[in-house]
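Structural features, examined
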Amino acid sequence: MKKIISLLLAVLMSLAVLTACNDNSADLSDWDYISDKGEMVVGITLFAPMNYKDDNGELTGFETEFAKAVCDKLGVKAVFQEIDWNAKETELNSKNIDCIWNGMTITEERQANMGISVPYMENKQVAVTKVENLEKFATAEAMNGAYVVAEAESAGEGVATSDAFFTGVNYTAVDSQAKTLLEVKSGTADVAVIDYVMSIGSIGEGTDYADLAVIEGAAFAPEQYGIAFRKGDTETLDKVNAAIAELMADGTLDEIAAKYKLDTLLVK
C-alpha cells in the first residue's frame, strides 16, 4: 500500500511540474518562446524556386536558404513544416508554426490580422497555359468558357475571380500552386493563375513543365512578398527585419536570389 501511495504522489508531483511548465510557456513572449526552444518553425508549401525538393529529396529554394540565413543571425534553427495554405493563419495562431515564409503576398487584410515583415521581393500574377494554346487564350474574349485554376486563398485566386480578363471562365480552386500546373499539364484545366516568381523556376525548357508557358501580356496585380508572424509579436518582427537588412547590406541576399534567378526582383 505504501508503495502505491508513493507512486501516486510521484505521478501527482510530475503532473504539477508539467502544468507549471506549460503555464510558464504560455506567459512567454513569442520571441522568448521561439528562443527558448531554439528553433523557428517556418510554415511553407512546396513550389519552385521558393521551397522545393531537389533530386536527392532535400528541401531547397530561395525561401529555404533565406529563412536559414535569417535564423542563423537570430541564433535559432529554421525548421520547415508544410502547411495547408488555406489554413495558414490558423496554423500560425495555434503555434503549429511560428511564421509563414513562402512567397506570401502582402495585403491590407493580412496586415490587419498578422504582423508582416518589410517587403523583400516584387511579384505579380501571370496566366499559364500549354504552349500550343498561347494564341487560343491570348485575349479576354478568347478566355470565355475556359477552365481556370488557382490556389485557394491566394493572390492568384483573387485575380481569377475578379479581373476582367477572366470574365466568363469556369473557375476552380485547388490546394496548391504546384497542383495548378498539374491540372493544366493533364488537360483538366486550360489556364492556371500563379505567381510570376513561380513561373521562373517551374515552367519552360529544362523543367517538368516544358510544354507550359506564360500568356504574353496577361500579367496582373503587382505585389510584394513579406513574412508573417502572430499579430502583436513586434519583438520577433523587429529582429527578423534587422536580420534582413544585414543580409541585404552584406550582399548575402543578392547571392541567394541570384542562384534562383530572382535577384532582379529583390526590394532594395
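That block above? That's the structure.
Now for a look at the structure at hand.

Criteria and thresholds
Residues numbered from 1 in each chain as written. Predicted model: local features only at pLDDT ≥ 70, side-chain atom pairs only at ≥ 80, totals over all residues. Heavy atoms only, no water. Helix = DSSP H or I, 4+ residues; strand = E, 2+ residues; numbered from the N terminus. Buried < 20%, exposed > 50% of the residue type's maximum accessible area, 1.4 Å probe, protein only. Contact = heavy atoms within 4.5 Å. Areas by Shrake-Rupley, 256 points an atom, 1.4 Å probe, with all protein chains shown as cover. Pairing = 2+ DSSP bridges. Right-handed = clockwise from strand over helix to strand, strands pointing away. Axes fitted to C-alpha atoms, helices over the stretch in contact; angles between N-to-C directions. Parallel < 35°, antiparallel > 145°, perpendicular 65-115°, else oblique. Left-handed = near helix turned anticlockwise from the far one by under 90°. Nonpolar A, V, L, I, M, F, W, Y, C, P; charged D, E, K, R; others polar. Salt bridge = Lys/Arg side-chain N within 4 Å of Asp/Glu carboxyl O. Phe/Tyr/Trp six-rings, centres within 6.5 Å; stacked < 30°, edge-to-face > 60°. Lys NZ or Arg CZ within 6 Å of the ring centre and 35° of its normal. Core = buried A, V, L, I, M, F, W, Y, C linked by side-chain atoms within 4.5 Å. Disulfide = S-S within 2.5 Å.

Describing the overall build of the protein chain
When its secondary structure is counted, the protein chain shows eleven helices and eleven strands. Structurally, the protein chain occupies a C-alpha span of about 85 × 50 × 40 Å along its principal axes. Burial statistics for the protein chain: of 268 residues in total, 45% are counted as buried. The contacts of the protein chain with a sequence gap of at least 6 include a subset with a gap of at least 24, amounting to 72%. Surface exposure of the protein chain reaches about 13,300 Å², of which carbon and sulfur atoms provide 51%.

Here we look at unusual backbone geometry
A cis geometry characterises the amide bond from Ala-48 onward to Pro-49, with omega recorded as 5°. Here the phi dihedral of Ala-221 falls at roughly 50°; this positive angle occurs in a residue that is not glycine.

Thoughts on the pairing of strand β9 (residues 170-174)
Relative to β9, strand β8 (residues 147-151) runs parallel, the two being bridged by five bridges. Within β9, the residue paired with Glu-151 across the bridge is Val-174. Chirality of the crossover, the property in question, places the unit of β8, helix α7 (residues 155-160) and β9 among those that are right-handed.

Examining the packing of helix α3 (residues 62-74) against helix α10 (residues 234-249)
When two helices pack together, you describe them by how their axes are tilted relative to each other and by the distance separating the axes. It is the contact of α3 with α10, at a shortest axis distance of 9 Å, that shows an interaxial angle of 110°. When the interaxial angle is binned, α3 and α10 end up roughly perpendicular. The crossing of α3 and α10 is right-handed. Together, Phe-66, Ala-69, Val-70, Lys-73 and Leu-74 of α3 and Lys-239, Val-240, Ala-243, Ile-244, Glu-246 and Leu-247 of α10 make up the contact between the two elements. In terms of residue class, the contact of α3 with α10 is made up of eight nonpolar, no polar and three charged.

Focus: the pattern of salt bridges
For the structure shown, the criterion picks out seven salt bridges. Among the salt bridges present, the one from Lys-37 reaches Asp-98, with a minimum N-O distance of 2.7 Å. Linking Lys-37 in helix α2 (residues 30-37) with Asp-98 in the loop between α4 (88-93) and β5 (99-105), this pair joins segments that are 61 residues apart in sequence. On the accessibility criterion, Lys-37 (31% relative accessible area) is partly exposed. On the basis of relative accessible area, Asp-98 is assigned to the buried category, the value being 1%. The partner of Lys-259 in a salt bridge is Glu-65, and the shortest N-O contact between them spans 2.7 Å. Of this pair, Lys-259 sits in helix α11 (residues 252-259) while Glu-65 sits in helix α3, and the two are 194 residues apart along the sequence. Judged by its relative accessible area of 22%, Glu-65 falls in the partly exposed class.

Some remarks on the packing of aromatic side chains
For the coordinates displayed, the defined rule picks out eight aromatic pairs. A ring pair is formed by Phe-62 and Phe-66, whose centres lie 5.5 Å apart and whose planes are at 40°; its orientation type is tilted. Of this pair, Phe-62 and Phe-66 both sit in helix α3, separated by four residues, roughly a single helical turn. Ring centres of Phe-166 and Phe-220 lie 5.4 Å apart, and the angle between their planes is 50°; this geometry places the pair in the tilted category. Pair noted here: Phe-166 is in the loop between α7 and β9 and Phe-220 is in strand β11 (residues 212-230), with a separation of 54 residues, a long-range link. The exposure classification of Phe-166 matches that of Phe-220, with both residues buried. If you follow Lys-95 out to its NZ or CZ, it ends over the ring of Tyr-33, 4.2 Å from the centre.

Topic: the environment of Lys-95
Along the chain, the position of Lys-95 falls in the loop between α4 and β5. Note: C-alpha distance between Lys-95 and Ile-106 (eleven residues apart in sequence) is 21 Å. Other than its neighbours up to four places away in sequence, Lys-95 contacts Asp-30, Tyr-33 and Arg-230.

A look at the nonpolar core
Judged by nonpolar contacts, the single largest core of 50 residues is most densely connected at Met-40, Phe-62, Phe-66 and Met-121. In terms of residues, this core owes the most to one element, α3, which gives seven residues. Residues in contact with Met-121, not counting those within four places in the same chain, are Met-50, Phe-62, Val-197, Glu-223, Gln-224, Tyr-225, Leu-262, Leu-265, Leu-266 and Val-267.

Some points on the state of the cysteines
For the structure shown, the criterion picks out zero disulfides. Looking at the unpaired Cys-71, the closest cysteine sulfur is the one in Cys-99, lying at 6.9 Å.

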